[in-house]
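# Architecture at a glance
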Amino acid sequence: MWWRWLFQARTWLWLGIAFVVRGIFFWIFLHEHGLHGAWYGWGAENGDTPGYFAPIDQYLTGHAYLPDFRMPGYGLPYLLFRLFTTPQGAGTAILFAQFLLGAISVVVLARCARMLGAPTWAQHAVCILIACCARVAVYDVDWFPESFCTSALIFGVHGWLAHLRSDSRLALLWSGGWLAWAVFLKPVQAMWLVLLAVGILFIATGNARSRIARALLLLLPFLIADGIWMRRNWVMHRKLHPLSQGTIMPELANSHMYPVMRFMQAVGGNYIHWDPSADIRWFNMREGPRGAQGRRADEDLAMPAFALSKSITSDSLQLLADEMARWSDRTTLPEERFALTGVMRARCDRFINTYQRERPWQYQVMARARLTRLFFQRAGLRGVFGYPARTQAWWTHALDLFDAIQHWCVLIAGLFAAFWSLAKWKRIPRERVWLAVLVLTGVFVFPIALRLCEGRYLVPMYPWLLLMAITMLGHWRNAGNGSTDT
């Protein structure tokens, strides 16, 4: 049976190792980022946290699930815990649930390596390296969906691989359930769900009718859950929203800073306003949609020359920066800020249209290339301890350095392995080729298709980049020894 490996002694040995390693990280990061009086308990609160939990609290008080610009994937476990405890208790319980699933997913990922034909040493390497990935572990103590989403994708792909090896329909339903949750956590993962269903059509055995039925079975949990969600959206808004209603918080979308962010995305600049090195900071951007007073700790910012065109001059960019400064001035009246927001929105819309017309190569190609570079440089992210870290010790700096080294090694090796797998598609298992398609799509969809460069979005792909790299090394070593993949 496809789940028999759960009862093997070595599974529990490696599960114990994973719990110890991730448990050490959990305690370190909880002490560093949490336990400091956040509203929802022990964890690290951020500006997005209320958007996940507040609608659930609204629902529990007898009102509707509002605001509802996010799908309720992250709110679902919060709802379950809230049935038995306070908001603070539920928030704290989510941290431990993230740690629990994260530790288990370490061993499940190693099992995926085995089903992809990796030798024993490669399976152990996958288990150890992903357990030691601080950038993944740090989200166990943060109220972001990255931790749950990373685990859900691992469980989902494991079930998908188990079905291809055992033809178990139960494994397929198991996979579909986890993947459906991943979509409700982060709607962009609908792309993985669809690709995995298509993969069954190409990879699974049997006639066409059987493969179509199995692909639909994989999609079934999502279709049921999303059908309920769409019906609810129709009742509430008289609109069909199969996923979320957008990627931007309403407060941000209606703010003065969003037009400048859109302009930066169009030209390929760093729009992450909290990043000291971001191009958007040159425009006198202040922290958050409501703004903040005082000077910013910027890092030698210069006017983004790549944003210029024949009609977008340095003077016009300076005028936009001056308008932003006026908006943030404490003496500016509310009605003046409202008018300035409209002026900046119109100006940025005009800039974007002009840039598309006058510099099409820059808009279509080079802007996406710049966003990809920023994405790979993890724009908006600092070290795993942040700056300045609460704990100032040599080992915190060493762990930050290890995180940076591991990031570049995993990213470069993983992307190379994915492209190599596509090039060698006739010589390696079809499952590994399809996984390469998934990895490349999951990485490049953000900077290329969505024009997003925040490094946080890369986190759920770390396990798969690592898996691609290790399985490639396993293939090379097997080839050198004269053996073949199993």
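In short, a report on the structure. (Residues numbered from 1 in each chain as written. Predicted model: local features only at pLDDT ≥ 70, side-chain atom pairs only at ≥ 80, totals over all residues. Heavy atoms only, no water.)

## What about the packing of aromatic side chains?
Following the criterion strictly, the structure yields 33 aromatic pairs and no others. Pairing Trp-39 with Tyr-40 gives two aromatic rings, centres 6.5 Å apart and planes at 80 degrees, and the pair type is edge-to-face. Residue classification places Tyr-40 among the buried positions, given a relative accessible area of 4%. Aromatic pair Tyr-40 and Phe-53: ring centres 5.0 Å apart, planes at 70 degrees, arrangement edge-to-face. Here Phe-53 lies in helix α2 (residues 49-60) and Tyr-40 lies in the loop between α1 (9-33) and α2, a separation of 13 residues in the sequence. With relative accessibility at 0%, the residue Phe-53 sits in the buried group. Taking the ring centre of Trp-327 as reference, the NZ or CZ of Arg-337 above it sits at 5.1 Å. (Phe/Tyr/Trp six-rings, centres within 6.5 Å; stacked < 30°, edge-to-face > 60°. Buried < 20%, exposed > 50% of the residue type's maximum accessible area, 1.4 Å probe, protein only. Helix = DSSP H or I, 4+ residues; strand = E, 2+ residues; numbered from the N terminus. Lys NZ or Arg CZ within 6 Å of the ring centre and 35° of its normal.)

## Details of a nonpolar patch on the surface
On the surface, Tyr-59, Leu-60, Leu-76, Leu-80, Leu-83 and Phe-84 cluster together to form a nonpolar patch covering roughly 650 Å² of accessible area. Its location among the elements puts Leu-60 in helix α2. (Patch = residues over 30% accessible without salt bridge, like charges linked within 9 Å, V, L, I, M, F, W, Y side chains within 5 Å. Areas by Shrake-Rupley, 256 points an atom, 1.4 Å probe, with all protein chains shown as cover. Salt bridge = Lys/Arg side-chain N within 4 Å of Asp/Glu carboxyl O.)

## Considerations on the packing of helix α14 (residues 334-358) against helix α15 (residues 360-376)
Put simply, α14 and α15 touch, their axes get as near as 4 Å, and they point 105 degrees apart. In terms of axis orientation, α14 runs roughly perpendicular to α15. Contacts between α14 and α15 involve Tyr-355, Gln-356, Arg-357 and Glu-358 from the former and Pro-360, Gln-362, Tyr-363 and Arg-370 from the latter. In terms of residue class, the contact of α14 with α15 is made up of 3 nonpolar, 2 polar and 3 charged. (Axes fitted to C-alpha atoms, helices over the stretch in contact; angles between N-to-C directions. Parallel < 35°, antiparallel > 145°, perpendicular 65-115°, else oblique. Contact = heavy atoms within 4.5 Å. Nonpolar A, V, L, I, M, F, W, Y, C, P; charged D, E, K, R; others polar.)

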